[in-house]
Amino acid sequence: MEQSAQQAQQLDHLASAPPPGPAQSPFAAFGMPGLGGPPPAAPPEPRPILELDGEEREDELDSLSDWVDDFLLPVYGAEVTTAAPWCLQWQEHDVVVAWLHALWLAYQQHRDPESGLSGLFVWHRDFLAHAMAAIRAPGGPLSACMTSPDRPAHRLLPGPPPSARGEKAQVAESSGSGESFELTA
């Protein structure tokens, strides 16, 4: 009798509860998906930081800088030497920003619980070591910057000139004709 009374109370409680909304499945309590209805919206796809503009890029760079300064460098920064240069103005080196942003996105993905227990190991093995080696290589993008903490330095290395194809197109446009001209070195 007592068990019947408890079941009746449970049924009354369930009957008085508001019906599940369109986003909530009536079967969610059993770990089952709902029937019909649109799937939940996917989060926006991350975009490479160099594709962002204006305030969106500045906000992303601020977040990236916080992660680099508060987490990455204190833990993985190691000593600054000629074999592992660094730049206090790394945000001005586009290639370094691109590498660190990709490393940060991978970190966020691999620290997520869905990555499993080995997620951070995968991040260390597949992303961290390679990115830091490329960024801090003796001939890498920071090689003209600080190689000793006692001598802070910053210098942007010039990139390669435009391709010959680009120069031919500019010459053809400036001449006003549709002809292309050969450039000889």
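Rules used in this analysis
- All chains use their own residue numbering, which begins from 1 and follows the written sequence.
- Local features are withheld for residues below a pLDDT of 70 in this predicted model, meaning they are given only at 70 or higher, and side-chain atom pairs are given and counted only at 80 or more; totals for whole chains, interfaces and linings count all residues.
- To get the side-chain values, take all heavy atoms of the structure and skip hydrogens and water.
- Each residue carries a pLDDT score, the predictor's own confidence in it, on a scale running from 0 to 100.
- Residues are treated as being in contact if the distance between any of their heavy atoms lies within 4.5 Å.
- Note on terminology: pairs of cysteine sulfur atoms within 2.5 Å are recorded as disulfides.
- Any residue under 20% of the maximum accessible area for its type is buried, any over 50% is exposed, and the rest in between are partly exposed; the area is computed with a 1.4 Å probe on protein chains only.
- The residues that make up patches have over 30% relative accessible area and no salt bridge, and they are joined within 9 Å when like-charged or within 5 Å when they are Val, Leu, Ile, Met, Phe, Trp or Tyr.
- Areas reported as accessible are Shrake-Rupley estimates using a 1.4 Å probe. Residue values count occlusion only from the protein chains shown.
- Note on definitions: salt bridges are taken to be side-chain nitrogens of Lys or Arg within 4 Å of carboxyl oxygens of Asp or Glu.
- Charge counting follows a simple rule: Lys and Arg are positive, Asp and Glu are negative, and His as well as the terminal groups are ignored.
- Positions of charges follow a simple convention, taking NZ of Lys, CZ of Arg, CG of Asp or CD of Glu.
- Under the DSSP-based scheme used, a helix requires at least four consecutive residues in state H or I and a strand at least two consecutive residues in state E, with every element numbered from the N terminus.
- For helices, the axis comes from a line fit to the C-alpha atoms of the stretch in contact; other axes are also lines fit to C-alpha atoms, and the angle between any two N-to-C directions lies between 0 and 180 degrees.
- These descriptions rest on fixed angle ranges, namely under 35 degrees for roughly parallel, over 145 for roughly antiparallel, 65 to 115 for roughly perpendicular, and the rest for oblique.
- For this classification, the nonpolar set comprises Ala, Val, Leu, Ile, Met, Phe, Trp, Tyr, Cys and Pro, the charged set comprises Asp, Glu, Lys and Arg, and every other residue, Gly included, is treated as polar.

## Section: the confidence of the model for the protein chain
Summarising the model, the protein chain shows a mean pLDDT of 81, and 71% of its residues fall at 70 or more. Predicted confidence for residues 179-185 stays below pLDDT 50, and this span has nine contacts to residues more than four positions away or in other chains.

## Some details on the state of the cysteines
Each disulfide consists of a covalent bond between the sulfur atoms of two cysteine residues. This model, assessed by the stated rule, comprises zero disulfides. Of all cysteine sulfurs, the one in C145 lies closest to C87, which takes part in no disulfide; the gap is 3.5 Å. Overall, C87 belongs to the buried group, its relative accessible area being 0%.

## Observations regarding a negative patch on the surface
A surface patch of negative charge is lined by E55, E58, D59, D62, D66, D69 and D70. Along the chain, E58 falls in helix α2 (residues 54-76). Given a relative accessible area of 44%, E58 falls into the partly exposed group.

## Let's talk about the environment of R136
Mapping R136 onto the fold places it in the loop between α4 (119-135) and α5 (164-175). A relative accessible area of 7% means that R136 is categorised as buried. Linking R136 and G77, residues 59 residues apart in sequence, is a C-alpha distance of 9.8 Å. In this structure, R136 is in contact with Y76, G77, A78, E79, V80, A83, A84, P85 and W86, ignoring residues within four places of it in sequence.

## Here's the deal with the packing of α2 against helix α3 (residues 94-111)
In helix packing, the relevant descriptors are the interaxial angle and the interaxial distance, both defined with respect to the helix axes. The geometry of α2 relative to α3 is characterised by a closest axis approach of 10 Å and an angle of 75 degrees between their N-to-C directions. It follows that α2 is roughly perpendicular to α3 by the angle criterion. Between α2 and α3, the residues in contact are R57, E60, L61, S63, L64, W67, V68, F71 and L72 and D94, V97, L100, H101, L103, W104 and Y107, respectively.

## What about the packing of α3 against α4?
Two numbers describe how α3 lies on α4: the axes approach to 9 Å, and their chain directions differ by 175 degrees. If you check the angle between α3 and α4, you find them roughly antiparallel. Together, V96, W99, L100, L103, A106, Y107, H110 and R111 of α3 and G119, L120, V122, W123, F127, L128, H130, A131, A134 and I135 of α4 make up the contact between the two elements. The residue inventory of the contact of α3 with α4, partitioned by class, reads 14 nonpolar, three polar and one charged.

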